[in-house]
Amino acid sequence: MVVVARPSRFIIFAVALLLLPTVVRAALNPSLINFAWALCGLPIVIRTSQLTVAVNKDWVTVRNFFSTTHVPLWEAEVEFGEVEGGGFVSDLGGRLDQEGRSLYVRRSWHEDDRVLVTVAPRYGDEQIRVHDALVEQIALHRAL
């Protein structure tokens, strides 16, 4: 299995840092409820570190936060979604308003069966790298 993309260590560290107040509260004010809340944060950090998109000889595996989807290798097609823009990250007509796109893996014979690749960013050059690497790995594994 070849892992094409996974979250950066910075993202995993940021998620863990956001959950730090629950751990501090459990340490400073020990109670069963505070300890339970601190333990609830651990699966969130673990699942965030498990987000991947990978290719093997039979499947393209997309592991999102709440689901893991296996798309057969011979049916997998990689595509960009519709152009996004505006919203909370708007820069009033600049790059963030024009280039935001989601990355999907789609089954070729099922038009409505698309799986969002959440590990690929919507903006920037990393999205294009993930797209190209995923297309390359699918073609490589089909040739084997």
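The structure under discussion appears in the preceding block.
From a predicted model like this one, the values you see are computed outputs, not experimental measurements.

A. Spatial organisation of the sheet that holds strand β2 (residues 52-55). With respect to topology, four strands assemble into an open sheet ordered β1-β2-β3-β4, the strand pairing being antiparallel. Edge positions in the sheet fall to β1 (2-5) and β4 (68-72), since each has one partner strand and no second. Averaged over all pairs of adjacent strands, the angle between strand axes in this sheet comes to 25°, irrespective of strand direction. In the sheet, strand β3 (residues 59-63) pairs with β4 via five bridges, with the strands oriented antiparallel. Bridge assignment links Val60 to a residue of β4, and that residue is Val71. Sitting on the sheet, helix α5 (residues 125-143) touches β1, β2 and β3, and the angle it makes with β1 is about 155°.

B. Representation of the pairing of β3 within the structure. In the sheet, β2 pairs with β3 via four bridges, with the strands oriented antiparallel. Directly across from Ala54, in β3, lies its bridge partner Thr61. Hairpin remark: β2 followed by β3, antiparallel, with three residues in the connecting loop. Between β3 and β4, which pair antiparallel one after the other, the connecting turn spans four residues.

C. Summary view of the pattern of salt bridges. On inspection of all chains with the given rule, the structure shows seven salt bridges. Among the salt bridges present, the one from Arg107 reaches Asp113, with a minimum N-O distance of 3.6 Å. Each of Glu77, Glu79, Glu82, Arg106 and Arg114 takes part in one network of salt bridges that share partners.

D. Just the packing of helix α2 (residues 20-28) against helix α3 (residues 32-50), in detail. Between α2 and α3, the shortest axis-to-axis distance is 8 Å and the interhelical angle comes to 150°. By the angle between their directions, the pair α2 and α3 is classed as roughly antiparallel. Remark: the crossing between α2 and α3 carries left-handed chirality. Of the residues in α3, those touching α2 at Thr22, Val23, Arg25 and Ala26 are Asn34, Phe35, Trp37 and Ala38. Among the residues making up the contact of α2 with α3, the classes are represented as five nonpolar, two polar and one charged.

Reading the values: rules and limits
- Numbering of residues begins from 1 in every chain and follows the order in which that chain's sequence is written.
- Local features are withheld for residues below a pLDDT of 70 in this predicted model, meaning they are given only at 70 or higher, and side-chain atom pairs are given and counted only at 80 or more; totals for whole chains, interfaces and linings count all residues.
- Each side-chain value is derived from all of the structure's non-hydrogen atoms; neither hydrogens nor water enter the calculation.
- By definition, two strands form a pair when at least two bridges between them are found by DSSP.
- Under the DSSP-based scheme used, a helix requires at least four consecutive residues in state H or I and a strand at least two consecutive residues in state E, with every element numbered from the N terminus.
- Here an axis means a line fitted to C-alpha atoms, over the contact stretch when the element is a helix, while the angle between two N-to-C directions is reported on a 0 to 180 degree scale.
- The contact criterion used throughout is that any non-hydrogen atoms of two residues lie within 4.5 Å.
- What counts as a salt bridge is simple: a side-chain nitrogen of Lys or Arg found within 4 Å of a carboxyl oxygen of Asp or Glu.
- Any angle that is under 35 degrees is reported as roughly parallel, and any over 145 degrees as roughly antiparallel; angles of 65 to 115 degrees are reported as roughly perpendicular and all others as oblique.
- In a left-handed crossing the near helix is turned counterclockwise from the far helix by less than a right angle, and in a right-handed crossing that turn is clockwise.
- When residue character is reported, Ala, Val, Leu, Ile, Met, Phe, Trp, Tyr, Cys and Pro are called nonpolar, Asp, Glu, Lys and Arg charged, and the others, Gly included, polar.

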